[in-house]
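# Notes for the structure review
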Amino acid sequence: MKDRIHTDEQAEIVILGAGIIGLTLARELVRQGAPDILIVEKEPEQGLHASGRNSGVLHAGIYYTPGSTRAELCRRGNQAMREYCEEHRLPLRAAGKVIVARDEKERPALRELYQRARQNGADVERIDARQLATLEPNARTVEEALWSPQTAQVDPGAVLRRLIQELNDTGKVRFLFGTGFISALGPRAMATTRGRVGFQTLINAAGAFSDRVARHYGGAEHYQLIPFKGLYKKVIPEQADLVNGNIYPVPDIRNPFLGVHLTRSVHGEAYVGPTAIPAFGRENYGLFKGLDKEATSILYRDAVLLFKNSKFRSVALREPKKYFASAFYHDARRLVHKLRPEWLKDTPKVGIRPQLVDLRTNEMVMDFRVEQKGSCLHVLNAISPAFTCSIPFAEMVVKKFLA
């Protein structure tokens with residue numbers, strides 16, 4: 001899409017960020033009658049970061065703390081995104097997910113996860129090894145597993161492209177791509193790489209940079225986003241049928257990461273991943289690519305968490321080993337009966353998960369976080385399952401903060 005060049009732009013509502021959250025918020029605002037929305041995005045097109053780099057899994061509400069916003073929105077979001085894909089004939093693969101116990105010690109955690117899922121109203125079943133073999137013949141477990149029939153796969157890129165088309169068709173939404181935020185110009189304007197942009201309301205949906213933007217307007221006072229790198233491997237096409245839908249491990253529910261797992265995409269490709277390796281840049285997709293002067297600040301915050309937060313420490317000491325192919329393979333091998341190192345190939349698919357940390361407690365924030373400061377609304381912690389939850393999340397935010 002070719003955007004128009006402006007040096008002094010004005011809109012009633014400006015949304016910073018054209019990821020899934022920014023686009024679904026714009027969609028809901030139009031549905032509620034907003035006549036003039038401008039979406040400002042630093043990249044040349046939509047969803048080039050977390051929204052377009054995730055695994056495409058629609059989650060079913062199993063993992064999240066009962067009563068949290070993530071728990072309350074996940075099931076509704078799963079259904080809403082399914083319906084959106086069906087309505088617009090977008091790729092959808094409703095193959096379900098199994099969660100397996102890798103050893104005897106994980107069985108109590110598996111049962112705890114089942115109880116949490118039930119509290120959240122998630123459709124989940126406890127199954128034995130025989131039932132598991134009918135659903136995912138290659139999955140291995142110790143005696144029992146969980147089955148989530150509502151877990152599905154979508155094509156994130158296809159969803160994002162359809163949202164862009166839908167918003168364009170309304171005639172009420174404009175886009176400024178290739179336009180980066182620089183600083184605030186008072187409470188109702190911003191300086192960008194392409195000039196001044198004024199607004200009555202700013203919605204900060206800038207993903208990994210949302211805390212930095214928020215601080216320009218008095219927000220995110222006690223928070224900082226810390227990046228974690230998600231590396232994937234791709235299964236060679238001849239062995240893609242190693243997984244039918246999704247094979248997940250029992251996660252450590254004290255942390256917001258689900259562990260390396262196997263996923264079959266809507267296009268039939270099989271992937272293994274992602275990792276959760278502490279990264280040193282908000283776009284640190286390569287070993288050194290994406291590093292900037294902020295790396296020192298991120299490294300300092302990681303060091304503080306390493307010493308003060310045992311949950312972070314467990315991740316920081318375990319995950320970097322998965323840079324090595326042998327460690328990555330060993331982690332994945334525990335989930336399945338059959339897997340060989342030569343079946344896993346490198347892939348450019350890499351994601352960054354920006355994880356919000358409360359600087360007062362040195363704890364990772366485990367739920368979505370939205371702050372309102374004057375004329376600005378800041379979405380600070382759009383972590384997984386944000387893609388799944390995006391449609392009802394937008395409804396909630398508009399009703400609570402923007403109606």
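Residues numbered from 1 in each chain as written. Predicted model: local features only at pLDDT ≥ 70, side-chain atom pairs only at ≥ 80, totals over all residues. Heavy atoms only, no water.

## Concerning the domain arrangement of the protein chain
For clarity, the threshold we go by: Boundaries of every domain are those given by an automatic assignment or by a domain database. Residue contacts are counted whenever heavy atoms from the two residues lie within 4.5 Å of one another. Using a 1.4 Å probe, buried area is obtained as the accessible area two parts lose upon being combined, added over both of them. Salt bridge, as applied in this entry: a Lys or Arg side-chain nitrogen positioned within 4 Å of an Asp or Glu carboxyl oxygen. Secondary structure follows DSSP: runs of H or I at least 4 residues long count as helices, runs of E at least 2 residues long count as strands, and numbering of each begins at the N terminus. We call Asp, Glu, Lys and Arg charged. Ala, Val, Leu, Ile, Met, Phe, Trp, Tyr, Cys and Pro are nonpolar, and the rest, Gly among them, are polar.
Taken domain by domain, the protein chain consists of domain 1 (7-92 + 153-222 + 367-402) and domain 2 (224-246 + 269-359). Measuring from the centre of the C-alpha atoms in domain 1 to the corresponding centre in domain 2 gives 25 Å. Taken residue by residue, the interface counts 24 residues in domain 1 and 20 residues in domain 2. Buried surface at the junction of domain 1 and domain 2, summed over both partners, amounts to about 1,700 Å²; 47% is from carbon and sulfur atoms. By the criterion of area lost to domain 2, the three top residues of domain 1 are Arg53, Ala208 and His222, representing 32% of everything that side buries. Between the two partners, domain 1 and domain 2, sit three salt bridges. Put simply, the parts of the chain that give the side of domain 1 that touches domain 2 at least two residues each are helix H2 (50-53) and helix H7 (210-216). Counting residues per element, the side of domain 1 that touches domain 2 draws most heavily on H7, at four residues. By residue class, the composition of the side of domain 1 that touches domain 2 is seven nonpolar, nine polar and eight charged.

## Remarks on the packing of aromatic side chains
As a reminder of what qualifies: Ring geometry is summarised as follows: Phe, Tyr and Trp rings, the Trp one being its six-membered ring, pair when their centres sit within 6.5 Å, and such pairs are stacked at plane angles under 30 degrees, edge-to-face over 60 and tilted between the two. Each residue gets one of three labels from its accessible area relative to the maximum for its type: buried under 20%, exposed over 50%, partly exposed in between, using a 1.4 Å probe on protein chains only. Comment: the charge-over-ring label is applied if NZ (Lys) or CZ (Arg) is within 6 Å of the ring centre and within 35 degrees of the ring normal.
One pass over the structure, following the stated rule, counts seven aromatic pairs. Between Phe228 and Phe257, the ring centres sit 4.8 Å apart and the planes meet at 50 degrees, which makes this aromatic pair tilted. Here Phe228 is found in strand E13 (residues 223-235), whereas its partner Phe257 is found in the loop between strand E14 (246-249) and strand E15 (261-264), with 29 residues between them in sequence. When sorted by exposure, Phe228 lands in the same class as Phe257, which is buried. Taken together, a centroid distance of 6.0 Å and an interplanar angle of 70 degrees make the contact between Phe228 and Phe312 edge-to-face. Placement of the pair is Phe228 in strand E13 and Phe312 in helix H9 (residues 310-318), with a sequence separation of 84 residues. What makes Phe312 buried here is its relative accessible area of 1%. Among the aromatic residues, those joined into a cluster by ring pairs are Phe181, Phe199 and Tyr217. Geometry around Tyr114 places Arg126 over its ring, the cationic atom sitting 5.7 Å from the centre. Here Lys233 stacks its cationic end above the ring of Phe328, 5.9 Å away from the centre of that ring.

## Let's talk about the side chain of Asp302
Threshold: Only four residue types enter the charge count, namely Lys and Arg as positive and Asp and Glu as negative; His and the chain termini do not.
When you line up the elements, Asp302 lands in helix H8 (residues 295-308). Here Asp302 is buried and forms no salt bridge, its nearest opposite-charge partner Arg301 lying at an N-O distance of 7.5 Å. When sequence neighbours within four positions are dropped, the list of residues in contact with Asp302 reads Ile226, Pro278, Ala279, Phe280 and Phe312.

## Comments concerning the UniProt feature "domain: FAD dependent oxidoreductase" (unreviewed entry) in the protein chain
This is how it is decided: UniProt positions are given in the numbering used here, feature names are shortened, and annotations may be inferred rather than shown by experiment.
Cross-referencing UniProt, the feature "domain: FAD dependent oxidoreductase" (unreviewed entry) maps to residues 13-397 in the present numbering. Across residues 13-397, helical content stands at 31% and strand content at 26%; the span's end C-alpha atoms are separated by 14 Å.

## Focus on the environment of Leu262
Positionally, Leu262 belongs in strand E15. In this structure, the C-alpha to C-alpha distance between Leu262 and Asn54, residues 208 residues apart in sequence, is 13 Å. Beyond its immediate chain neighbours, meaning those up to four positions away, Leu262 contacts Val243, Gly245, Asn246, Ile247, Tyr271, Val272, Ala332, Leu335 and Val336.

## Digging into the nonpolar core
Keep this limit in mind: Among buried residues, those of type Ala, Val, Leu, Ile, Met, Phe, Trp, Tyr and Cys that are joined through side-chain atoms within 4.5 Å constitute a nonpolar core.
One finds Ile15, Leu23, Leu25, Ile37, Ile39, Met81 and Ile99 to be the most contacted residues of the largest nonpolar core, which totals 63 residues. Top element by residues in this core is helix H11 (residues 386-402). It accounts for nine residues. With residues near it in sequence (within four places) discarded, Leu25 still touches Ile15, Ile203, Val379, Ala394, Val397 and Val398.

## Regarding helix H4 (residues 107-119)
Rule in force here: Here the expected span of a helix is defined as 1.5 Å times the quantity of residues minus one.
Here H4 is 13 residues long and its end C-alpha atoms lie 19 Å apart, about the 18 Å a rise of 1.5 Å per residue gives. For H4, the full list of buried residues reads Arg107, Leu110, Leu113, Tyr114, Arg116 and Ala117. For H4, the secondary structure elements touched by its buried residues are strand E5 (97-100), strand E6 (125-128) and strand E7 (144-148). Positive backbone phi, approximately 75 degrees, marks Gly121, located one or two places after H4.

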